Amino acid sequence: ALGSTATGMSLLIGQVTLLDEMGATKQRLRAVPKPSRRGLRKVAILSLVAAGKWRPAQDPHPVGVGVLGEIETDLSGTNIYAVKIEGDSMAPLYHDGEVLFVDPDQIPGQRDLGIFKRVEDEAVCFKQLVLGEDGRKLLHSFNPDKRRHPDIDLRPGDKPKGRVVAPVRKGK
């Protein structure tokens with residue numbers, strides 16, 4: 001029951017359940033909060049975000065309008081938005097099709113989950129920020145298949161675009 005949301009989005013909402021657990025990370029645009037029922041507000045689901053390789057950011061819409069619709073939350077934070085995971089590099093903890101709430105006003109620190117943007121082509125990805133043994137900043141995948149999902153060097157100019165503040169899980 002999202003009212004004016006896109007067809008299909010209400011189907012997605014019917015299949016997800018918000019966890020009480022706080023996760024630890026998205027991109028450049030922000031979602032404008034929209035009033036909703038029972039103290040909830042709607043935030044935009046801006047784009048797909050790769051859990052794996054870098055993916056071009058898709059957001060031709062104005063601030064507050066999501067490419068993939070809207071989702072309700074009671075999370076605080078003026079600029080919180082949502083993204084939908086694509087890929088399996090963050091499995092077994094985060095899965096393809098799940099939605100993440102991101103606060104662009106919070107910068108991910110060591111071991112936080114975040115959305116990161118590559119400087120040369122503005123592609124984005126969802127990863128955990130870690131420090132390598134040599135002090136390099138790495139974007140870490142949880143998937144144990146490191147041949148398919150190696151850690152990625154965070155290079156000068158690459159930027160964190162927000163910290164994941166909560167996941168939405170598919171219902172069982």
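Everything below is about the structure shown above.
Here's a quick rundown of the structure. What you are looking at is a predicted structure, and each value in this text was computed from that prediction instead of being measured.

Brief notes about the overall build of the protein chain
On a plain count of helices and strands, the protein chain comes out with one helix and twelve strands. Seen in sequence order, the protein chain has helices and strands lined up from the N terminus as α-β-β-β-β-β-β-β-β-β-β-β-β. Evaluated residue by residue, the protein chain yields a buried proportion of 51% over its 172 residues. Per element, the accessible surface of the protein chain, about 8,600 Å² overall, is 53% carbon and sulfur.

Some thoughts on the pattern of salt bridges
Within the structure shown, the criterion is met by ten salt bridges. Measuring nitrogen to oxygen at the nearest pair gives 4.0 Å for the salt bridge that ties K117 to E122. Classification of K117 by relative accessible area gives buried; the value is 11%. Put simply, K146 and D151 hold a salt bridge, and the shortest N to O gap is 4.0 Å. Each of R118, E120, D121, R155 and D158 takes part in salt bridges that share partners, so that together they form one network.

Remarks on the pairing of strand β8 (residues 113–117)
With five of its five residues buried, β8 lies for the most part within the structure. Taking every second residue as pointing to the same face, both faces of β8 are buried, with L113, I115 and K117 on one and G114 and F116 on the other. Taken together, the five bridges between β8 and strand β9 (residues 123–131) define a ladder with antiparallel strand orientation. Bridge assignment links L113 to a residue of β9, and that residue is Q128. In textbook terms, the turn of a hairpin is the stretch between consecutive antiparallel strands, and for β8 and β9 this stretch comprises five residues, one of which, E122, has a positive phi near 60°.

Things to note about the side chain of H140
With respect to the element layout, H140 can be found in strand β10 (residues 137–140). Within the structure, the side chain of H140 is placed 2.9 Å from the side chain of D151, a separation counted as a polar contact.

Here we look at the nonpolar core
Here is a general trend for soluble globular proteins: nonpolar side chains tend to be buried in one another's company. In this structure, V83, Y94, L100, I115 and F126 are the most contacted members of the largest nonpolar core, which totals 16 residues. Secondary-structure elements contributing two or more residues to this core are β3 (41–50), β6 (81–86), β7 (99–103), β8 and β9. Look past the residues within four positions of L100 in its chain and what remains in contact with it is Y81, A82, V83, I85, Y94, F126, V164, A166 and P167. Judged by nonpolar contacts, the second largest core, of eleven residues, contains L75, F101, A166 and V168.

Quick word on the pairing of β9
The element β9 is extensively covered by neighbouring structure, given that eight of its nine residues are classed as buried. Sheet topology note: the strand β4 (residues 55–56)/β9 ladder contains two bridges and is antiparallel. Across the sheet, residue P56 finds its bridge partner in β9, namely A123. The antiparallel hairpin formed by β9 and β10 contains five residues in its connecting segment, where G135 sits at a positive phi of about 90°.

A few points about the packing of aromatic side chains
Each aromatic ring pair is characterised by the separation of its centres together with the angle its planes make. Evaluated as defined, the whole model comprises two aromatic pairs. With a centroid separation of 5.5 Å and 90° between ring planes, the pair formed by Y94 and F126 is classed as edge-to-face. Of this pair, Y94 sits in the loop between β6 and β7 while F126 sits in strand β9, and the two are 32 residues apart along the sequence. For F126, a relative accessible area of 0% puts it in the buried group.

Description of the environment of Y81
Assignment of secondary structure puts Y81 in strand β6. Sequence-wise, Y81 and A44 are 37 residues apart; in three dimensions their C-alpha atoms are separated by 5.5 Å.

Section: unusual backbone geometry
Backbone torsion omega between A91 and P92 reads 15°, so that peptide bond is classified as cis. In this fold, P92 is placed in the loop between β6 and β7. The phi torsion at R111 lies on the positive side, around 75°, for a residue other than glycine. By the secondary structure assignment, R111 is in the loop between β7 and β8. Even without being a glycine, E122 presents a positive backbone phi close to 60°. Classification of E122 as partly exposed rests on a relative accessible area of 43%.

Quick notes on the rules
- Residues numbered from 1 in each chain as written.
- Predicted model: local features only at pLDDT ≥ 70, side-chain atom pairs only at ≥ 80, totals over all residues.
- Heavy atoms only, no water.
- Helix = DSSP H or I, 4+ residues; strand = E, 2+ residues; numbered from the N terminus.
- Buried < 20%, exposed > 50% of the residue type's maximum accessible area, 1.4 Å probe, protein only.
- Areas by Shrake-Rupley, 256 points an atom, 1.4 Å probe, with all protein chains shown as cover.
- Salt bridge = Lys/Arg side-chain N within 4 Å of Asp/Glu carboxyl O.
- Pairing = 2+ DSSP bridges.
- Polar contact = N/O pair within 3.5 Å; in protein donor to acceptor, adjacent residues only side chain to side chain.
- Core = buried A, V, L, I, M, F, W, Y, C linked by side-chain atoms within 4.5 Å.
- Contact = heavy atoms within 4.5 Å.
- Phe/Tyr/Trp six-rings, centres within 6.5 Å; stacked < 30°, edge-to-face > 60°.

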